[in-house]
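A structural walkthrough
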Amino acid sequence: MSTIHLHRTTTATPEQFLSALIDFGPGRSKLFGNSADDYLKVHHRGPADADVTEGSGGVWERLHYDWSDRNRVVMKTTDSNLWGGNSGHVYSFTLRPDGRTDVDAVVVREGKNFKGRALGLVLGTVGKGVLEKAFGSTVKAIEARNGVGLELP
């Protein structure tokens, strides 16, 4: 099992980041590169949760999204071709006194088969840089979507 911690500070507000995370419409891949539109299927959407299948490049997972706490989104993997066990994502948003937002993401990957275990091992080691780059691209895309400027260091 691999657990990857990611962090960025952004000019987007917690509400803007949350809005992007729970926007399951067309064009989601412009914000989240690993969520191709042709994999996207919304099974259920409620006021504070959703059941969504998404993925790309032959990897898919069905996630239960819970945003009942507006400063934290918990995404639990309920089915996947690779991931099982405790797999999922947690995004936390903290508004700073300077108006910027700290975004912390924790990605847990527990492979349920040989391919999943191998990819989980890669992601937990050399692949962390790929996830960090993708996370940075997501933050920049959310800022651009909201016209809030560039990501700050």
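As the structure is a prediction and not an experimental result, all values here were calculated from the model.

The next point concerns a nonpolar patch on the surface. A grouping of Leu119, Val122 and Val126 is seen on the molecular surface, where their side chains present a nonpolar patch of about 250 Å² in accessible area. If you trace the backbone, Val126 turns up in the loop between helix H2 (114–124) and helix H3 (128–146).

Before going further, it helps to examine the sheet that holds strand S5 (residues 72–80). The seven strands are arranged S1-S7-S6-S5-S4-S3-S2 in an open sheet whose pairing can be described as antiparallel. Pairing within the sheet leaves two strands with one partner each, and these edge strands are strand S1 (2–10) and strand S2 (41–45). Along the sheet, successive strands turn relative to each other by an average axial angle of 20°, direction set aside. Sheet topology places strand S3 (residues 49–56) next to strand S4 (residues 59–69); eight bridges connect them, and they run antiparallel. Considered in S4, the bridge of Asp51 is made with His64.

Pairing analysis gives five bridges linking S5 to strand S6 (residues 88–95), with the strands arranged antiparallel. Directly across from Arg72, in S6, lies its bridge partner Ser92. In terms of strand pairing, S6 meets strand S7 (residues 101–109) through eight bridges, oriented antiparallel. Across the sheet, the residue bridging to Gly88 is Val108, located in S7. Hairpin connection between S6 and S7: a loop of five residues separates the two successive antiparallel strands, and Gly99 in this loop has a positive phi of roughly 90°.

So, about the packing of helix H1 (residues 14–21) against H3. Relative orientation of the contacting elements H1 and H3 amounts to 110°, with a least axis distance of 10 Å. One finds that H1 runs roughly perpendicular with respect to H3. For the pair H1 and H3, contact is made by Gln16, Phe17, Ser19 and Ala20 and by Phe135, Thr138, Val139, Ile142, Arg145 and Asn146, respectively.

What follows concerns the pattern of salt bridges. In this structure the tally under the stated criterion is nine salt bridges. For the salt bridge of Glu54 with Arg28, the shortest nitrogen-to-oxygen distance reads 3.0 Å. Of this pair, Glu54 sits in strand S3 while Arg28 sits in the loop between H1 and S2; the two residues are 26 residues apart in sequence, bridging distant segments of the chain. A salt bridge links Arg96 to Asp98; the shortest N-O distance between them is 2.9 Å. What you see here is one network of salt bridges that share partners, running through Arg96, Asp98, Arg100 and Asp102.

Attention now moves to the layout of surface pockets. Taken as a whole, the largest pocket holds about 710 Å³ of empty space. Looking at the lining of the largest pocket, the elements with two or more residues in it are S3, S4, S6, S7, H2 and H3. Examining the composition of the lining of the largest pocket, we find that six residues originate from one element, H3, more than from any other. Considering only residue class, the lining of the largest pocket consists of 19 nonpolar, 10 polar and five charged.

Note on helix geometry: an α-helix contains 3.6 residues per turn, so any two residues three or four positions apart are oriented the same way. Three or more residues of H2 are buried, namely Gly116, Gly120 and Leu123. Summarising the axial view, the buried residues of H2 lie within an arc of 65°, below the 170-degree limit, and thus occupy one face. In H2, the exposed residues that point more than 90 degrees away from the buried face are Phe114, Lys115 and Leu121. In this structure, the buried residues of H2 make contact with S1, S7 and H3.

Thresholds applied
- Residues numbered from 1 in each chain as written.
- Predicted model: local features only at pLDDT ≥ 70, side-chain atom pairs only at ≥ 80, totals over all residues.
- Heavy atoms only, no water.
- Patch = residues over 30% accessible without salt bridge, like charges linked within 9 Å, V, L, I, M, F, W, Y side chains within 5 Å.
- Areas by Shrake-Rupley, 256 points an atom, 1.4 Å probe, with all protein chains shown as cover.
- Salt bridge = Lys/Arg side-chain N within 4 Å of Asp/Glu carboxyl O.
- Helix = DSSP H or I, 4+ residues; strand = E, 2+ residues; numbered from the N terminus.
- Pairing = 2+ DSSP bridges.
- Axes fitted to C-alpha atoms, helices over the stretch in contact; angles between N-to-C directions.
- Parallel < 35°, antiparallel > 145°, perpendicular 65-115°, else oblique.
- Contact = heavy atoms within 4.5 Å.
- 1 Å grid on protein atoms, 1.4 Å probe; cavity = no way out; pocket = protein on both sides within 12 Å on 5 of 7 lines; lining within 4 Å.
- Points joined across faces, edges and corners; volume = space filled by probe spheres on them.
- Nonpolar A, V, L, I, M, F, W, Y, C, P; charged D, E, K, R; others polar.
- Buried < 20%, exposed > 50% of the residue type's maximum accessible area, 1.4 Å probe, protein only.
- Arc of directions from axis to C-beta.

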